[in-house]
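Observations on chain architecture
The lines below spell out each chain.
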Amino acid sequence: MNDLIKFVIPIFICVFLLTNCQEETIIKGSTDHIKSVTNAIDDSTLINADIDGDWLTYGGNYQEDRYSTLDQINKETVKDLSLAWSLDLGVRRGIEASPIVVDGIMYITGPWSVVWAIDLRKGEKIWEFDPEVPRDYGEKACCDVVNRGVALYRGAVFVGTIDGRLISLDAATGGVNWEKLTVDRNRAYTITGAPRIAKGNVLIGNGGAEYDARGYVTAYDAQTGEQVWRFYTVPGDPSKPFENPILEEAAKTWTGEWWKYGGGGTVWDAIVYDPEFNSIYLGVGNGSPWDQLQRSPEGGDNLFLSSIVAVDADDGSYKWHFQTTPGDTWDYTSTQPITLADLEIDGVMRKVLMQAPKNGFFYVIDRTNGEFISGSAYTQVNWATDLDENGRPIEAPFARYKNPGENTVIAPGAYGGHNWQPQAFNRETKLMYIPAHTASITFSHEEEDTYNEVERGGSGTGWNVSYADKLYKPFGAGSAGAPDPMRPMGRTIAFDPVQQKEVWAVEHPLTHWNGGILTTKAGLVLQGDATGQFTIYDAADGAKLWQKDLLTGIIAPPITYTVDGEQYVSVVVGWGGIVGLTRKFTKNVHPGRIFTFKLGGDAAMPTDMVNPEVASLTTLPYEGQPLEVGRGLNLYIKYCLTCHGDAFGAGGGALPDLTHSSEGVFKNYNQIVLEGALAANGMPNFGDRLTEDEVADIVHFVKYTSETLRGGADPMTLLTNLAGMQYMADTSPKEPSIKD
């Protein structure tokens, strides 16, 4: 026996030493290391995502509260926070993504659905995956070719692409595991939201309700890519079998022939898994078209538009719903972030979900059954006076803008009181921190059904919306009580969900288009803004504790994590999104970049972020006639406004302001607009939609606008002049077009 022991023990020692030696020789950041740490991410890991210092899911955890327990960076040490490194991603357009981090490896997405793996120990790219989205697909993206991030599970990275694919990538190499087309490309579907993981499935929604989409969410097996279930959010053609029983009930809340329009209801952002109740909560979007009088002419609640819908995580079967905006006609989506929490309300612990959707009211809902607990306005609202005891808005008489002879200013506007930018809930302060908007928009109803016809604003690129596009119409009742639609502002709000009241706020007077939010156990609130300022506030009172100018506008949310025991903060900067396409609030718009900070960081700001010469208003003379300008304005609103904006003369954002175009651009207008000279950049080819004479009218409008502003006219004077010219164009006999 002693001889046997003497023989066996050395073997065990050798095996033990060999195993440990092999583990220690795996280089962090190597392929073997990445395979090891990403393969370990399973259902249990995701349920317990708060335990270690990684950031493993879109919202940081399954509660999606964007609350971190890390506290090395706190109120006392934050003064020592400084740049550790930055990395130029080499792309332009908006970056809305929330990074995923595991053991020093970051996964991030950018414009056109490109994915990067980053070694956080070195601040360097490991791999890059470009799904090669056709650039003409950008025309179907209402709000920039953005992407809000990836999901990570069992060694795979999952990304949804702007052209409707769901792709599984090898987390270590970026190679494709599988790819699925999730949409019908005969309709204008897109994907901008981050996938979510629930019980071995990857969940993905879609966008396109500004066009002609019918919304749904699909669950795919994360390993094989096979479809497990699909839940449609609005009913289809009632002459055909409904996909599930609840849609037959939902169809009773619609009128007319809504299914021919698509109906809308896309789930383009909020998808939240609740393992405690085996539920998936879906944030459902707006109606298509926007104007309910067109898609459902006799009214109705139009379920499940603008609703939070709970479905079973295993089979996608319906559980319950709560509708925030019955009969939506304002683009009041409920796709905004959803946060789960346990709150003591009236002495009882309640399992709740919380949302600040576009309609301007903050909701606390019992997530076990969809019961309304409480709600109140978190921003300026004029379309409704209050919520009733069931949480249903009490609408103002003018809210549905039914009079076709007038324009009506509604608050919040279509950008909402809150958009996709994430909120954060602090478990210590019990406050929700919301990147809120004080904003309005002007709506207008048209008596004739203009669905998929080039009549309304944005319709030249497929939009079916109802913002006012006739400047000469008078303003209707109620408009005087709304914020100025030409001066939207932002507010960072600390909101008490139990008391339903604002505790403190930080004003952002230049714009509402600011970044998402992170909060920490150390009592910090972190947010970037449109002016490029990355700021840390005291979670208790909003006092500014720290600030860094990152030189270009910030819309993405920051995250925090540890690498080898040291806490870091990262934020990805890339100006764009629906507002950022057309406006900027820094001198320049720089390429996308990751900025990473730590205590005692010693990196300098990048020297290549220099300020290039800013284009000025064109000095080319206007040589047209008022009628041509009026026609050009109408064409611009239909074909150009969605990308180049209504902030005439403001200088543009991620995309150029046409009034600042160079002489070379004006010389090549026909080649650009009618021949697709800039198609590789995402500029549509309008050769099948516009004539040379119509392009000439657009040029007359652009040059007139530039010359008027260059002469010192204020924007209101310009708009008044344009209104008269537009009226002239609309009341003059129409000249036949070869496109008619």
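Residues numbered from 1 in each chain as written. Predicted model: local features only at pLDDT ≥ 70, side-chain atom pairs only at ≥ 80, totals over all residues. Heavy atoms only, no water.

Next up on the list: the overall build of the protein chain. Counting its regular elements, the protein chain contains 12 helices and 39 strands. The C-alpha atoms of the protein chain give a radius of gyration of 26 Å, which matches the 27 Å a tight globule of 740 residues would have. The principal-axis extents of the C-alpha atoms in the protein chain amount to approximately 110 × 55 × 50 Å. For the protein chain, with 740 residues in total, the buried portion stands at 62%. Long-range pairs, those at least 24 residues apart, make up 63% of the contacts in the protein chain with a sequence separation of at least 6. (Helix = DSSP H or I, 4+ residues; strand = E, 2+ residues; numbered from the N terminus. Rg over C-alpha atoms; globule rule 2.2 N^0.38 Å. Buried < 20%, exposed > 50% of the residue type's maximum accessible area, 1.4 Å probe, protein only. Contact = heavy atoms within 4.5 Å.)

The terminal C-alpha atoms of helix H7 (residues 626-639) lie 20 Å apart, and with 14 residues this matches the ideal 20 Å at 1.5 Å per residue to within 8%. The element H7 is largely enclosed, with a buried count of 10 among its 14 residues. Those residues of H7 not exposed but buried are Val 629, Gly 630, Gly 632, Leu 633, Asn 634, Leu 635, Tyr 636, Ile 637, Lys 638 and Tyr 639. In this structure, the buried residues of H7 make contact with helix H8 (641-644), helix H11 (692-710) and helix H12 (715-731). (Expected span 1.5 Å × (residues − 1).)

Looking now at the sheet that holds strand S28 (residues 424-426). An order of S28-S29-S31-S32 is seen for the four strands of this open sheet, with the pairing classed as antiparallel. With one partner strand each, in any of the chains shown, S28 and strand S32 (501-508) form the two edges of the open sheet. Averaged over all neighbouring strand pairs, the angle between strand axes comes to 25°, with direction disregarded. Bridge count for S28 against strand S29 (residues 431-438) is three bridges, and the pairing is antiparallel. The residue bridging Asn 426 from the neighbouring strand is Leu 431, located in S29. (Pairing = 2+ DSSP bridges. Axes fitted to C-alpha atoms, helices over the stretch in contact; angles between N-to-C directions.)

Here the focus is the state of the cysteines. Scanning all chains against the criterion turns up one disulfide. Through a disulfide, Cys 142 is tied to Cys 143; the S-S separation comes to 2.2 Å. Taking the torsion about the sulfur-sulfur bond, which here is approximately -90°, the covalent link between Cys 142 and Cys 143 counts as left-handed. Free of any disulfide, Cys 640 has its nearest cysteine sulfur in Cys 643, 8.9 Å distant. When its relative accessible area of 11% is taken as the criterion, Cys 640 is described as buried. Residue classification places Cys 643 among the partly exposed positions, given a relative accessible area of 29%. (Disulfide = S-S within 2.5 Å.)

What follows is about the pattern of salt bridges. On inspection of all chains with the given rule, the structure shows 43 salt bridges. Note that Asp 163 is salt-bridged to Arg 165, the shortest N-O span being 3.1 Å. Judged on exposure class, the residue Asp 163 and its partner Arg 165 are both buried. Taking the shortest distance from any N to any O, the salt bridge between Arg 367 and Asp 342 comes out at 3.5 Å. One end of the pair, Arg 367, is in the loop between strand S23 (361-366) and strand S24 (372-377); the other, Asp 342, is in strand S21 (residues 338-345), and 25 residues separate them in sequence. (Salt bridge = Lys/Arg side-chain N within 4 Å of Asp/Glu carboxyl O.)

What follows covers the pairing of strand S19 (residues 307-312). The element S19 is extensively covered by neighbouring structure, given that six of its six residues are classed as buried. The alternating pattern of S19 places Ser 307, Val 309 and Val 311 and Ile 308, Ala 310 and Asp 312 on opposite faces, both of which are buried. Direction of pairing for strand S17 (residues 279-283) relative to S19: antiparallel, over a ladder of five bridges. The partner of Leu 282 across the bridge, within S19, is Val 309. In terms of strand pairing, S19 meets strand S20 (residues 318-323) through five bridges, oriented antiparallel. Note that in S20 the partner of Ile 308 across the bridge is Phe 322. Taken together, S19 and the strand that follows it, S20, pair antiparallel across an intervening segment of five residues, in which Gly 316 is found at a positive phi of about 75°.

Across five bridges, the pairing between strand S13 (residues 216-221) and strand S14 (residues 227-232) is antiparallel. Note on S14: the bridge partner recorded for Ala 219 is Trp 229. Taken together, S13 and the strand that follows it, S14, pair antiparallel across an intervening segment of five residues, in which Gly 225 is found at a positive phi of about 85°.

To continue, consider the sheet that holds strand S39 (residues 593-599). Strands sit in the order S2-S39-S38-S37 across an open sheet of four strands; the sheet is antiparallel. Bordering the open sheet on either side are strand S2 (81-88) and strand S37 (559-563), each of which pairs with just one other strand. For this sheet the average axis-to-axis angle between neighbouring strands, irrespective of direction, equals 30°.

A few words now on the confidence of the model for the protein chain. When the pLDDT values of the protein chain are averaged, the result is 93; 95% of them are 70 or greater. In this model residues 11-23 is a low-confidence stretch, pLDDT under 50, and it forms zero contacts with partners more than four residues away in sequence or in other chains. (pLDDT = per-residue confidence, 0-100.)

This part is about the nonpolar core. If you look at the biggest cluster of nonpolar residues, it comprises 74 residues, and the most contacted ones within it are Tyr 281, Trp 383, Tyr 669 and Leu 690. The greatest single-element share of this core, amounting to seven residues, is contributed by H11. For Tyr 281, the contacting residues outside a window of four places in its chain are Ala 270, Ile 271, Val 272, Asp 274, Ile 308, Val 309, Ala 310, Trp 320, Ile 338, Leu 340, Leu 353 and Arg 367. Core analysis: the next-biggest nonpolar cluster, separate from the first, contains 60 residues, Ala 117, Val 159, Ile 271 and Val 284 among them. (Core = buried A, V, L, I, M, F, W, Y, C linked by side-chain atoms within 4.5 Å.)

Further remarks concern the packing of aromatic side chains. Throughout the structure, instances matching the rule amount to 35 aromatic pairs. Residues Trp 254 and Trp 258 carry aromatic rings whose centres are separated by 5.6 Å and whose planes lie at 40° to one another, so their mutual orientation is tilted. Across the pair, exposure class does not vary: Trp 254 and Trp 258 are buried alike. Through successive ring pairs, a cluster of aromatic residues spans Trp 330, Tyr 332, Phe 361 and Trp 383. Positioned above the aromatic ring of Tyr 58 is the side chain of Arg 66, whose terminal nitrogen or guanidinium carbon lies 4.7 Å from the ring centre. Above the plane of the ring of Tyr 232 lies Arg 214, whose end atom (NZ or CZ) is 4.0 Å from the centre. (Phe/Tyr/Trp six-rings, centres within 6.5 Å; stacked < 30°, edge-to-face > 60°. Lys NZ or Arg CZ within 6 Å of the ring centre and 35° of its normal.)

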